[in-house]
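Survey of secondary and tertiary structure
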Amino acid sequence: MKTEKITLEIGGMTCASCVNTITRYITGQDGIKKINVNLLAEKAEIEYNPELLKVEDLTELVEDVGFTAEYKEEIPNGYIDLNISGMTCGSCTQTITKYVSSLDGVADVAVNLSTEKARIVYNPKEIGVRDLIEGVEDVGFGASVSKNKVDIDQLGRKDEIREWKKKLIFSSILTLPFVLMMIFMYIPKEITHQIPELYTIHYYMTYDFIPGFSYDELFSFIFVTPIMIYVGKDFYIKAYKSVKHGAATMDVLVSLSTLSSYTYSIYQILYSVLVASRFYGQHFFGTSAFLFTFIVLGKYMEAKAKGKTSESMQKLLELQSKSAILLEIKDGEVISEKEIPVELLQVDDILKVYPGEKIPSDGEIIFGNSSIDESMITGESMPVTKSVGDNVIGSSTNMHGMFHMKVTKVGADTTLNKIVKLVEEAQTSKAPIEKVADQISATFVPTIVLLSITIFALWYIMLITRYIPKFWIPIGGSEFLMAFLIGLSVLVIACPCALGLATPTAVMVGTGLGAENGILIKGAEPLQTAHNVNAVVLDKTGTITHGKPEVVDILSFYDEDILLIAASVENASEHPIGRAISKNILDQNRSLLDVVNFEMIVGSGVSGIIKGKKYFVGSRRLITENDIDINVTTEENLQNFENEGKTALIVASDKVLGIITIADTIKEDSAKAVKALINMNIDVYMFTGDNLRVANSIARQVGIAERNVYAELLPQDKSVKIKELQEDGKIVAMVGDGINDSLALTQADVGIAIGAGSDIAIEAADMILVRNDIRDIITAIDLSRKTFNRIRLNYMWAFGYNLIAIPLAAGILIPVLRSILHYTYLLPPEIAGLAMAFSSVSVVTSSLMLKRYKPLKI
């Protein structure tokens, strides 16, 4: 079955039951393969059959169960939205489309006359934004960039907060009279009779507007009804739609509780007016008003707290520079400079960056030098010195010197935008532990409704049969009212929202903290898995060592320039060792030889033909596999070099021509990191394609036990060894930086790539260490443990709250309190509503406590 994936933005979800309602309803439709709904991110990722369903069908399915859905089309990295001016008819749109489409590098043009906008998909390496604007202007129309950047307000939930605040103010104003009535009830009659104003109020509150219908009831009805309509409307609509499709959400509980008290109040008024004018029942209009006010207060505070969970993302987005100084250079001289918006930057633009300014985009310094503060991108607190030839990261801060830079990446290709996208995707993913909450939420609301009815029935039966004495009934009450209030409190106090928020809020804060500390976590699952890691496998080159080896010894057995031969063959290699050999020759301003039929033998070395003769550069394995003899003298030299911790490469043709040794220095913090991991009860292993002597020499220096060193491994061998560790019960994290680590990173339970490593390694990894600092492995695992412990605590609170609150609302302590206080105390439904509202807030607040996390000092 052909499938496609889309992501919908969902509005109106409040709890795990909402997630379950959408998931269950959509999963049951033909053409749906998979759906993943995230409560906190308010997104749903749906995999579906496009032959059976359209995007419009999917949004309608979500709306069928009472939620809003919007699809925002995913656009390729190279696209721009332009505002177009001067169009008057369809011919104008055709003119722009035809001309701009003809420009090199333009893939697609869509012009909309009614909105006066054009969306252009293009290749940033071939054509830039300014070229596109000039293209539109060339055919007689105006054009400017339409700023469709990520909405920081949306991340901060400002619209949601504003809406709940508006409802809270409205509900609070109309609930205030009920508060005043409650206060008035406790003022002694002696005082009210002495103060004319109070006496008048007291008189009218007890006086009938019409027989059986008091002014108190009239005003209460007038005040609560707007709340029921304006505040309650969304709750009621969503509750109706979810029940219609056989599901139940938090909205059902809110609707049932508020409508029960409101409907009963109207019923007792009608009964009093139409049937028995001498009957004076108790109305619960105030209960409905208080319930909505407390629920909306909780939602308002919850939205504010949720907004704070994405503060890390907001900080990253706020880093973006607004403008750049573009230089026009001719014959090495600056002819002109002008300030332009960053949206107009193109690859290969030359920019000037002054001290104190944010760097507009990713690029390379071509003139000058400075120290750069990259702390908000990499987490590195100390400024980094940069000079000609060094890369700089867009949105980092230039601290001191002025420099010129050439833009290498723009728009979505920049480091900052990639980090934002990665963090956003991580925060919308679901952790395996959430399955528990999903399973419970599927039956939570129906169970609570049934429980509420059962408890009401039990209390009512016990009261009318006098199993419970009549004097237990509060003054002014009845058997029905007492049972009704208890059942209503059970309905109100139960809260599935806390269950649904326990994991996603903690994951959002945890992944955001990771990004702040230079650790990009690709999803909730690796974040959860990492907390169980008990074995860490470190690749040697580039992870334990700097990955910048240098040529140390050149031992030639014949009158041939083996360094030039090796450098020429290795020049096409991406391995750090190969680059080190080629760099040695190039640094001497020597020219390399022409090589044909270059071949890279992963884990062994390289080969190539120079002037018709085939040469090999690599390990013993490479030489022996090509039937070239290694004599005793050569072997002794190899062993001596290797015992010194050097990597020895053999250069050969039809015979061994000589040996070149490479040494790679160990990172300053490698030994500290290994020690810290061991102190965390984690076994540390080292994998390398190098020989055992070199590997053991490096291992001894950093504190890795020789029994945990595996050398001369091919990429597939690393993967096999990790599988063996997993079969022994180890939860393995693999840390590497090269192409030859990608298989192992994929096989490991958690793959961790060094940020400066290859794109393939980064793609295969679950976590990325932006700073290329081995100590961040400890931070990543420790942050995972802290986050997961917080999730556990959240679940303990969410479950504990319901396990304690529901029995209390059900009146389990009434007999005890009655025997001690000689008074029947019922938990008021409005107080139950307040407790329910704050249970969700408390879970979000608990997750926010993670923001106080500080990385371990090593």
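Rules used throughout
- Residues numbered from 1 in each chain as written.
- Predicted model: local features only at pLDDT ≥ 70, side-chain atom pairs only at ≥ 80, totals over all residues.
- Heavy atoms only, no water.
- Helix = DSSP H or I, 4+ residues; strand = E, 2+ residues; numbered from the N terminus.
- Contact = heavy atoms within 4.5 Å.
- Areas by Shrake-Rupley, 256 points an atom, 1.4 Å probe, with all protein chains shown as cover.
- Axes fitted to C-alpha atoms, helices over the stretch in contact; angles between N-to-C directions.
- Parallel < 35°, antiparallel > 145°, perpendicular 65-115°, else oblique.
- Left-handed = near helix turned anticlockwise from the far one by under 90°.
- Nonpolar A, V, L, I, M, F, W, Y, C, P; charged D, E, K, R; others polar.
- Pairing = 2+ DSSP bridges.
- Core = buried A, V, L, I, M, F, W, Y, C linked by side-chain atoms within 4.5 Å.
- Buried < 20%, exposed > 50% of the residue type's maximum accessible area, 1.4 Å probe, protein only.
- Phe/Tyr/Trp six-rings, centres within 6.5 Å; stacked < 30°, edge-to-face > 60°.
- Expected span 1.5 Å × (residues − 1).
- Arc of directions from axis to C-beta.
- Salt bridge = Lys/Arg side-chain N within 4 Å of Asp/Glu carboxyl O.

This part covers the overall build of the protein chain. Tallying secondary structure elements over the protein chain gives 31 helices and 32 strands in all. Contacts in the protein chain between residues at least 24 apart in sequence constitute 71% of all its contacts with a sequence separation of at least 6. Carbon and sulfur atoms provide 55% of the accessible area of the protein chain, an area that totals close to 39600 Å².

One can describe the packing of helix 20 (residues 562-570) onto helix 21 (residues 576-587) by two numbers: an axis separation of 8 Å at closest approach and a directional angle of 125°. Viewed along their axes, helix 20 and helix 21 adopt a mutual orientation that is oblique. Between helix 20 and helix 21 the crossing geometry is left-handed. Two secondary-structure elements touch here, helix 20 through L563, L564, A566, A567 and E570 and helix 21 through G578, I581, S582, N584 and I585. The residue inventory of the contact of helix 20 with helix 21, partitioned by class, reads six nonpolar, three polar and one charged.

A sheet is described by the order of its strands in space; here four strands give the open sequence 2-3-1-4, paired in antiparallel fashion. Two strands lie at the open edges of the sheet, namely strand 2 (32-38) and strand 4 (68-71), each paired on one side alone. Here the average twist between neighbouring strands, direction ignored, is 25°. For strand 2 and strand 3 (residues 43-48), the ladder comprises six bridges, and the chain directions are antiparallel.

Another aspect to go through is the nonpolar core. Among the nonpolar cores identified, the biggest contains 149 residues, and V536, L538, I704 and I777 are the most heavily contacted of them. Not counting residues within four places of it along the chain, the set of residues in contact with I777 comprises V536, L538, L677, V735, I752 and L769. In this structure, I340, L345, L351 and V353 belong to the second largest nonpolar core, which totals 37 residues.

Summed over all chains, the structure comprises 19 aromatic pairs. When the ring of F456 is compared with that of F480, the centres are 5.6 Å apart and the planes differ by 85°; the resulting orientation is edge-to-face. On the criterion of sequence distance, the pair formed by F456 in helix 15 (residues 434-464) and F480 in helix 16 (residues 479-493) is long-range, its members being 24 residues apart. Residue F456 is classed as partly exposed on the basis of its relative accessible area of 23%. Taken together, a centroid distance of 6.2 Å and an interplanar angle of 85° make the contact between Y460 and F480 edge-to-face. With Y460 in helix 15 and F480 in helix 16, the pair connects residues that are 20 residues apart, well separated along the chain. Exposure remark for Y460: the relative accessible area of 30% places this residue in the partly exposed category. Aromatic ring contacts, followed pair by pair, group Y264, Y267, F456, Y460, F480 and F484 into a single cluster.

It is worth spelling out unusual backbone geometry at this point. Look at S395: it is not a glycine, yet its phi comes out positive at around 80°. Mapped onto the secondary structure, S395 falls in the loop between strand 17 (391-392) and strand 18 (397-398). Look at N681: it is not a glycine, yet its phi comes out positive at around 60°. With respect to the helices and strands, the residue N681 is situated in the loop between helix 24 (670-679) and strand 28 (683-687).

The terminal C-alpha atoms of helix 23 (residues 632-643) lie 16 Å apart, and with twelve residues this matches the ideal 16 Å at 1.5 Å per residue to within 8%. Those residues of helix 23 lying buried are T634, N637, L638, F641 and E642. The arc that holds every buried residue of helix 23, seen down its axis, measures 130°, which confines them to one face. Turning to helix 23, the residues buried within the fold contact strand 22 (550-556), helix 22 (620-625), strand 26 (647-652), strand 27 (656-663) and helix 25 (692-702).

Of all the five residues making up strand 21 (residues 535-539), five are buried; the element is thus mostly covered by neighbouring parts of the structure. Here strand 21 shows two buried faces, one formed by A535, V537 and D539 and the other by V536 and L538. When strand 21 meets strand 30 (residues 732-736), the two strands line up parallel, connected through four bridges. Looking at the pairing, A535 lines up with V732 of strand 30.

The next subject is the packing of helix 17 (residues 497-516) against helix 31 (residues 829-848). Describing two packed helices takes the angle between their axes plus the distance from one axis to the other. With their axes 8 Å apart at the nearest point, helix 17 and helix 31 run at an angle of 20° to one another. Classified by the angle their axes make, helix 17 and helix 31 are roughly parallel. When you trace helix 17 past helix 31, the crossing you get is right-handed. Residues C497, A498, L501, A502, T505, A506 and V509 of helix 17 form the contact with helix 31, whose participating residues are S839, S840, V843, V844, S847 and L848. Among the residues forming the contact of helix 17 with helix 31, the class breakdown is nine nonpolar, four polar and no charged.

It is worth spelling out the pairing of strand 11 (residues 323-330) at this point. Bridge count for strand 11 against strand 12 (residues 333-341) is eight bridges, and the pairing is antiparallel. Across the sheet, K330 pairs through a bridge with E333, a residue of strand 12. Connecting strand 11 to the antiparallel partner strand 12 that follows it, the hairpin turn spans two residues, and D331 within it adopts a positive phi of roughly 55°.

Right, let's talk about the pattern of salt bridges for a bit. What the rule picks out here adds up to 22 salt bridges. Between E163 and K166 there is a salt bridge whose closest N-O contact spans 3.7 Å. One end of the pair, E163, and the other, K166, are both in helix 6 (residues 158-185), three residues apart, so they sit about a helical turn from each other. Here E635 and R620 are joined by a salt bridge, their closest N and O atoms 3.0 Å apart. Residue E635 is found in helix 23, and its partner R620 is found in helix 22; the two are separated by 15 residues along the sequence. For R620, a relative accessible area of 22% puts it in the partly exposed group. One connected set of salt bridges, linked through shared partners, spans R620, E635, E642 and R693.

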